[in-house]
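Here is what each chain is made of, one letter per residue.
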Amino acid sequence: MSLTNRILIAMVAGIAVGSIINLLVHSTGVSEGLKSLVDVYFVNGLFDVVGRIFVASLKLLVVPLVMVSLICGASSLGDSARMGPIAVKTLGFYMATTAIAISLALFFAVLISPGAGVAIEGAADFQAKAAPPLTDVLVDIFPSNPIKAMADGKMLQIIVFALLFGYAISHAGEPGRRLASFFRDVDSVIMKMVEVLMKLAPYGVFALLSKLFSSMGIGAIFDLAAYFFTVLGVLLLHALGVYSFMLRTLAGLSPAILLKKMRPIWAFAFSTASSGATLPITLRTVEKRMGVHNSVAGFTVPLGATINMDGTAIMQGVATVFIAQVYGVDLSTGDFLTVILTATLASIGTAAVPGVGLITLALVLEQAGLPVEGIALIIGVDRLLDMVRTAVNVTGDATVSLIVAKSEKQFDQYVFDDPKADQHSDENPGVVPSI
Ligand code: ASP
């Protein structure tokens with residue numbers, strides 16, 4: 001069985017086992033002894049430990065992988081003067097897709113009115129954190145100490161340092177060439193580590209989802225059905241419709257192939273709810289299975305995981321309209337424009353870890369003059385939406401990487417079209433992926 005299928009089966013099994021445990025814990029017919037046994041040995045024992053080790057080992061690879069991959073990419077591009085145009089295009093697409101995402105979210109939220117008739121209760125217990133000033137955010141992109149940036153996992157700082165380092169390598173003559181070849185070797189070895197980790201993914205995904213669903217009250221979805229399904233619907237529309245349309249029209253590539261090759265990445269994004277933790281898998285898949293050359297993917301994927309959050313922006317758009325409706329506030333056209341702008345910026349500032357989109361939502365609400373406490377209304381269903389929106393966030397990163405790579409001729413159509421590209425050699429002997 002292919003790894004993708006194993007991961008997808010683990011995902012479904014994890015959700016099923018978790019939901020059964022949840023029912024068991026809440027049923028009166030089951031003895032307390034059995035409940036605590038399941039809780040101690042499985043939910044907070046085996047599942048918790050395996051899940052946390054899995055996420056930790058994914059995160060372990062993020063900094064070295066981004067660093068090395070970006071150095072390789074920048075050093076191979078440095079001479080060709082394409083770095084600037086690639087950066088501008090990538091940023092442009094990331095901002096544009098986010099603005100489209102939030103506009104769609106606002107449009108459907110106004111159309112569906114998920115907040116109409118919802119009563120306010122328990123809305124007072126949310127404490128918003130103050131957002132840092134924009135100037136600090138900008139200055140903070142530039143590292144004063146690369147080792148500290150790596151130790152703190154500050155992705156934008158790492159990106160800046162690696163770009164500079166890679167650029168210098170490409171202009172340093174013979175020593176630069178030696179160093180570039182060293183980093184290419186390190187890159188292959190780290191990619192191998194990602195491959196090893198992917199083989200363990202079914203266990204990790206199963207453990208994470210069983211633990212999560214055993215404690216997640218799905219009941220909240222029914223109370224907030226209109227909100228939940230509006231967000232979900234727009235997320236699906238954006239992921240399946242907008243990205244497919246863009247990929248087809250701007251790059252002439254088949255969306256069906258993209259969606260097929262995205263499936264294992266979705267399982268990672270869904271179970272970890274973190275684009276950051278999913279980053280090693282996204283990068284490996286985009287390079288080795290979708291044919292994007294490292295010189296583009298090494299830049300676009302880590303940058304996308306950090307700043308491109310279309311799914312998060314969708315949630316923030318629907319949530320803003322929802323909260324305005326619950327509190328009976330009418331939003332003007334100016335308010336909508338403010339929301340589009342601030343949600344685009346807020347999603348850029350959202351860290352690629354679980355639940356942060358809800359925190360940066362405070363920024364959007366404040367700008368639109370809405371009560372920040374309204375966030376408490378939607379917390380109940382946020383984790384599940386977080387899982388789905390993270391999957392959308394990473395799909396956006398892959399789509400933009402493909403479009404930029406295609407336009408820059410840093411793309412291998414053969415790899416993209418090959419359904420077996422980068423399948424592990426033990427499963428498909430004889431297939432040697434190359435880009
Ligand atoms: N969990 C999301 C991500 O990592 C961010 C968020 O919306 O909270 O992409």
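Please refer to the structure higher up on the page.
The following refers to the structure shown. Residue positions within a chain follow its written sequence, with the count starting from 1. Owing to the predicted nature of the model, reporting of local features is limited to residues with pLDDT of at least 70; listing and counting of side-chain atom pairs is limited to 80 or more, with chain, interface and lining totals taken over all residues. Think of the side-chain values as coming from all heavy atoms in the structure, minus any hydrogens and water.

1. Digging into the overall build of the protein
- Helix and strand content of the protein: 18 helices and zero strands.
- Its C-alpha atoms give the protein a radius of gyration of 22 Å, within 12% of the compact-globule value 22 Å for 435 residues.
- In terms of its C-alpha atoms, the protein occupies a principal-axis envelope of roughly 70 × 55 × 40 Å.
- Buried, partly exposed and exposed residues are distinguished by accessible area as a fraction of the type maximum, computed with a 1.4 Å probe on protein chains only: under 20%, between the cut-offs, and over 50%, respectively. The buried share of the protein, reckoned over its 435 residues, is 52%.
- Accessible surface area values rest on a Shrake-Rupley calculation with a 1.4 Å probe, where residue burial reflects the displayed protein chains alone. Accessible surface, the protein as shown: approximately 18,500 Å² in total, 68% of it carbon and sulfur. Only DSSP runs of H or I with at least four residues qualify as helices, and only runs of E with at least two residues qualify as strands; both kinds are numbered from the N terminus onward. Taken over C-alpha atoms, the radius of gyration is set against a globule rule of 2.2 Å times the number of residues to the power 0.38.

2. Section: the site of the ligand
- Being near a molecule or strand, for a residue, means having at least one of its heavy atoms within 4 Å of it. In the vicinity of the ligand lie 17 residues, with S275, T312, G357, D386 and R389 positioned nearest.
- One nitrogen or oxygen atom from the side chain of D386 is found 2.7 Å from a nitrogen atom belonging to the ligand.
- Within the side chain of R389, an N or O atom sits 2.6 Å from an oxygen atom of the ligand.
- Taking 270 Å² as the accessible area of the ligand by itself, protein coverage stands at 100%.
- Points on a 1 Å grid, built from protein atoms alone, make a cavity when a 1.4 Å probe fits but cannot get out and make a pocket when they are open with protein on both sides within 12 Å along at least 5 of 7 lines; residues with an atom within 4 Å of a point are the lining residues. Each molecule is checked against the cavity or pocket grid, and it sits inside if more than half of its atoms lie within 2 Å of the grid points. One can see that the ligand is located within the second largest cavity.
- Breaking the shell around the ligand down by element, the ones donating at least two residues are α15 (356–367) and α17 (382–407). Any pair of nitrogen or oxygen atoms within 3.5 Å is treated as a polar contact; in protein, a donor-acceptor pairing is required on top of that, and neighbouring residues in sequence qualify only through side-chain atoms on both sides.

3. A closer look at helix α6 (residues 155–170)
- A helix is expected to span 1.5 Å for every residue after the first. An ideal rise of 1.5 Å per residue puts 22 Å on 16 residues; α6 measures up with 22 Å between its terminal C-alpha atoms.
- All buried positions along α6 are accounted for by M155, Q157, I158, I159, A162, G166, I169 and S170.
- By definition in these notes, contact holds between two residues if any of their heavy atoms fall within 4.5 Å. For α6, the elements touching its buried residues are α2 (32–77), α5 (146–151), α7 (173–215) and α12 (294–307).

4. With respect to the side chain of S214
- Structurally, S214 can be placed in helix α7.
- Excluding anything up to four places from it in sequence, S214 contacts G18, I21, N22 and V43.

5. Here we look at the nonpolar core
- Among the nonpolar cores identified, the biggest contains 124 residues, and Y227, L361 and L402 are the most heavily contacted of them.
- Residue contacts for L402: discarding those within four places in its chain leaves L247, L253, L258, M290, V292, F411 and F416.
- Ranked by size, the runner-up nonpolar core spans five residues in total, among them I21, V43, F47 and A207. In this text, buried Ala, Val, Leu, Ile, Met, Phe, Trp, Tyr and Cys residues form a nonpolar core when linked through side-chain atoms within 4.5 Å.

6. As for the layout of surface pockets
- Grid points are joined across faces, edges and corners, and a volume is the space filled by probe spheres set on the points. Looking at the largest pocket, its volume works out to about 1,800 Å³.
- Lining the largest pocket are 50 residues; nearest its centre among them are V137, L156, I348, G349 and T350.
- Secondary-structure elements contributing two or more residues to the lining of the largest pocket are α2, α3 (83–112), α4 (134–139), α6, α11 (275–288), α12, α14 (333–349) and α15.
- A class-by-class count of the residues in the lining of the largest pocket yields 34 nonpolar, ten polar and six charged. Here the term charged refers only to Asp, Glu, Lys and Arg, the term nonpolar to Ala, Val, Leu, Ile, Met, Phe, Trp, Tyr, Cys and Pro, and the term polar to all other amino acids, Gly among them.

7. Quick notes on the packing of α3 against α14
- Axis separation between α3 and α14 bottoms out at 9 Å; the angle between their running directions is 130°. Considered as vectors, α3 and α14 are oriented oblique to each other. The hand of the α3/α14 crossing is right-handed. Between α3, through M95, T98, A99, I102, S103, L106 and V110, and α14, the contact on the second element is made entirely by F336, V339, I340, A343, T344, S347 and I348.
- Class assignment of the residues belonging to the contact of α3 with α14 gives a composition of ten nonpolar, four polar and no charged. Helix axes are fitted only over the stretch in contact, all axes being lines through C-alpha atoms; the angle between N-to-C directions runs from 0 to 180 degrees. Oblique is the label for any angle not covered by the other classes, which are roughly parallel (under 35 degrees), roughly antiparallel (over 145) and roughly perpendicular (65 to 115). Definitions for this section: a left-handed crossing has its near helix turned counterclockwise from the far helix by less than a right angle. A right-handed crossing has that turn clockwise.

8. Quick word on the pattern of salt bridges
- Any carboxyl oxygen of Asp or Glu that lies within 4 Å of a side-chain nitrogen of Lys or Arg is treated as forming a salt bridge with it. As enumerated under the stated definition, the model contains twelve salt bridges in all.
- When the shortest N-O distance is used, the salt bridge between K35 and E32 registers 3.5 Å. Here K35 and its partner E32 are both found in helix α2, three residues apart, which amounts to about one turn of the helix.
- A salt bridge links D152 to K148, with the shortest nitrogen-to-oxygen separation between them at 2.8 Å.
- Salt bridges here are not isolated pairs; linked through shared partners, they connect D48, R52 and K211.

9. Thoughts on the environment of Q367
- Here Q367 shows up in helix α15.
- Sequence separation between Q367 and N308 is 59 residues; the distance between their C-alpha atoms is 21 Å.

10. A word on α3
- Under the 1.5 Å per step criterion, the end-to-end length of α3 is 43 Å for 30 residues, consistent within 8% with the ideal 44 Å.
- Within the sequence span of α3, burial applies to I86, T90, Y94, T97, T98, A101, I102, L104, A105, L106 and A109.
- As for α3, its buried residues are in contact with α2, α9 (225–251), α12, α13 (310–326), α14 and α17.
- Note on α3: the residue one or two positions beyond its end, S113, has a positive phi of about 50°.

11. As for the side chain of Q316
- Tracing the sequence through the fold places Q316 in helix α13.
- Look at Q316 and you get buried, because its relative accessible area is 0%.
- Within the local environment of Q316, its side chain forms a polar contact with the backbone oxygen of G357, the two atoms lying 2.9 Å apart.
- The residues touching Q316, leaving out its near neighbours within four places in the chain, are A343, A346, S347, T350, G357, T360, L361 and V364.

12. With respect to empty space enclosed by the protein
- Applying the stated criterion across every chain, the model contains four cavities of 30 Å³ or more.
- Lining of the second largest cavity is provided by 16 residues; of these, T312, A351, V353, D386 and T390 occupy positions nearest its centre.
- When residues of the lining of the second largest cavity are traced back to their parent elements, those giving at least two are α15 and α17.
- The leading source of residues in the lining of the second largest cavity is α17, at four residues.
- Class assignment for the residues of the lining of the second largest cavity results in seven nonpolar, seven polar and two charged.

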